[in-house]
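# Coordinates in review
Next come the chains, spelled out residue by residue.
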Amino acid sequence: MHQKVTFLHAADMHLGAPFRGLRKLSAEWADRLVDASAHAFDRLVDTALVRQVDFVVMAGDIFDLAKPSYADFMRFFEGVKRLGEQGIPVYLCTGNHDPFTSWYENFAHMPANVHVFAADKPSFMLHRRDGQPLALLAGRGYFNQTVSKDQDLAEGITRQQAEIACGAQAPFAIGVLHTGLHLDTEKAPTNPRALLASGMDYWALGHIHTPWVDNDENPRLVFPGCIQGRDIKETGPRGCMVVTLEEGARNRAEFVSLASVVWQLMDVDVTGAATLSDCYDAIVRELFVLNGKAQCDEMVERIRLVGRTRVHGLLGDPAVVEDLRSDLNTRYPTFFCDALIDATEPEIDRVALESEGLFLATLLDQARQQAQHDERLIAYLQDEFLHRGLRLPTDVARKSPELVQRAEGRLIDLLGQGVGADE
Ligand SMILES: [Mn+2]
């Protein structure tokens, strides 16, 4: 019979994260996000119970701080205890936020189902089911906050070493590390090829906050990401992986969303909006569309208004934009817009301008003709950059249509404001 193991792989829970940046804008939303982290952790425990996993692996940064608050510690303690009551062990390693040295005192008080990997050397554990070896677990945690970037935490972690240390063979072998892998070379990096050659079936990794797998078809190196996004750099759903390893089959890592507040960056196209109220309606429509896709209760979003609109001039006034933002935040309490950015362009009525034969129309026509000859435009820019001792960015050719459009908008704005005119 083919053996099979199912486990929950989580990392970077960052319990107690203070959401400092957001706190300056809205204390209420910063508090909501602190709660959201704790709720995401509770949901993690619920997921493990509902899925009846064999065990849970946590790959570091369980707490945001080296010295967690009593409330955060108890939240964690109660959660892992609930797992223990259903016979589910937890195998964990420490991370750079909550290294071994600062946790050490607290380990003595962990429920008996929690097993912590050593941090001064590789350590090995054997998980049994019905008395039979099912999985070897091998890992090593962060010892203190500054593991040297030359120190390879994966060194000595192989299936063979695990078999020797545990005095047993098992159908599955799982590595557990908090590492930057090759994605963050500042934080205990290690070589992915060496991990794949170690004889481990699966590496449960932590540190990278965005979900990442080395291979969609057969994931072996996996970051589940953080369980709750902390700022606008951590957009989209966040959660954990439910992993199934089966003899003779490919690995499966199913992402399970846990965050109740999701961060989003959104562009709202307000092309053709004739009034501020049209802009407002366009934003609200887009908010609900995005929220439907985001699998979350609440959303913090950063909105960029784009497109050509008659209200471009009005939106140039920061007070107007701020009014629009605060109106949104008052009327829709499940969404919070942390910043509203105007990136609109003025509406150009070319036909009208050209028929009047204005200076502006002639100018725009010239600009448009120039823009159509890409190589001439690039040569001109090349000269201008050289003249100033600068190197022309390599992506300028690809971006040129967008740059020309922006330059055009800027020109119309400046002429409209009378810049350069005698005053
Ligand atoms: Mn982290």
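Residues numbered from 1 in each chain as written. Predicted model: local features only at pLDDT ≥ 70, side-chain atom pairs only at ≥ 80, totals over all residues.

## Here's the deal with the overall build of the chain
Our working rule: Counting from the N terminus, the helices are the DSSP runs of H or I reaching at least four residues and the strands are the DSSP runs of E reaching at least two. Atoms considered for the radius of gyration are the C-alpha atoms alone. The globule rule reads 2.2 Å times the number of residues to the power 0.38. To assign burial, the other C-beta atoms lying within 10 Å of each residue's own C-beta are counted, with C-beta atoms placed from the backbone; 20 or more indicates buried, 12 or fewer indicates exposed, and intermediate counts indicate partly exposed. C-beta atoms are first placed from the backbone for all residues, and any pair lying within 7 Å is then listed as a contact.
For the chain, the helix and strand inventory stands at 13 helices and 15 strands. For 423 residues, the compact-globule estimate of 2.2 N^0.38 gives 22 Å, and the C-alpha radius of gyration of the chain, at 28 Å, exceeds that figure by more than 25%. If you line up the chain on its principal axes, its C-alpha atoms span 90 × 50 × 40 Å. Looking at the chain as a whole, 36% of its 423 residues are labelled buried. In the chain, 72% of the contacts between residues at least 6 apart in sequence involve partners at least 24 apart.

## Considering the sheet that holds strand β1 (residues 4-10)
The strands making up a sheet associate through backbone hydrogen bonding, with each pair oriented either parallel or antiparallel. Stated formally: A strand pair is defined by DSSP finding two or more bridges across the two strands. Fitting a line to C-alpha atoms yields each axis, with helices limited to the stretch in contact; the angle taken between N-to-C directions then spans 0 to 180 degrees.
Spatial strand order, β4-β3-β2-β1-β11-β12: 6 strands in an open sheet with mixed pairing. Among the strands making up the open sheet, the edge pair consists of β4 (114-116) and β12 (252-257). Averaged over all pairs of adjacent strands, the angle between their axes in this sheet comes to 25°, without regard to strand direction. In the sheet, strand β2 (residues 55-59) pairs with strand β3 (residues 90-93) via 4 bridges, with the strands oriented parallel. Across the sheet, residue Ala59 finds its bridge partner in β3, namely Cys93.

## Examining helix α2 (residues 27-50)
Given 3.6 residues per helical turn, the α-helix brings residues three or four places apart onto the same face. Where we set the bar: Expected span of a helix: the number of residues minus one, times 1.5 Å.
With 24 residues, α2 should reach 34 Å at 1.5 Å per residue; the first-to-last C-alpha distance of 34 Å fits that figure. Taken as a whole, α2 has its buried residues at Leu33, Ala36, Ser37, Ala40, Phe41, Leu44, Val45 and Ala48. Structurally, α2 contributes buried residues whose contacts are with β1, α1 (20-25), β2, α3 (70-85), β11 (239-246) and β13 (261-269). Two residues or fewer past α2, Gln52 is found with a positive phi of approximately 50°.

## Re unusual backbone geometry
Not every positive phi belongs to a glycine, and Phe19 is a case in point at roughly 50°. Examined against the element boundaries, Phe19 turns out to sit in the loop between β1 and α1. For Ala188, which is not glycine, the phi dihedral falls at a positive 40°. Inspection of the secondary structure assignment puts Ala188 in the loop between β7 (172-178) and α6 (192-196).

## Let's talk about the nonpolar core
Our working definition: Structurally, a nonpolar core is described as a collection of buried Ala, Val, Leu, Ile, Met, Phe, Trp, Tyr and Cys residues joined by way of C-beta atoms within 7 Å. The split of the chain into domains comes from an automatic or database domain assignment.
In terms of nonpolar packing, the biggest core is built from 97 residues, with Val56, Val57, Ile174, Val176, Leu205 and Ile227 touching the most fellow members. Both domains that meet at this core, namely domain 1 (4-257) and domain 2 (261-346), each give it at least three residues. In this view, Leu205 contacts Ala11, Ala59, Leu177, Thr179, Leu181, Leu221, Val222 and Phe223; residues no more than four positions away in its chain are not counted.

## Topic: the domain arrangement of the chain
Domain assignment breaks the chain into domain 1 (4-257), domain 2 (261-346) and domain 3 (350-417). Measuring from the centre of the C-alpha atoms in domain 1 to the corresponding centre in domain 3 gives 52 Å.

## Concerning the pairing of β11
Along β11, 6 of the 8 residues are buried, which leaves the element largely enclosed by surrounding structure. Direction of pairing for β1 relative to β11: antiparallel, over a ladder of 6 bridges. Residue pairing across strands places Val5 opposite Leu245, the latter belonging to β11. Strand direction decides the pairing type here: β11 and β12, joined by 6 bridges, are antiparallel. Bridge assignment links Val242 to a residue of β12, and that residue is Glu254. The hairpin turn running from β11 into β12, its antiparallel successor, is 5 residues long, and Gly248 in that turn takes a positive phi close to 75°.

## A short note on the confidence of the model for the chain
Selection criterion: One confidence number per residue, pLDDT, is output by the predictor and ranges from 0 to 100.
Scored by pLDDT, the chain has a mean of 89; 94% of the residues are at 70 or more. When the criterion is pLDDT under 50, residues 419-423 qualifies, and its contacts beyond four places in sequence or with other chains add up to 1 contact.

## A look at the sheet that holds strand β6 (residues 132-140)
With mixed pairing, 6 strands are arranged side by side in an open sheet as β5-β6-β7-β8-β10-β9. At either margin of the open sheet sits one strand with a lone partner, and together these are β5 (123-129) and β9 (212-213).

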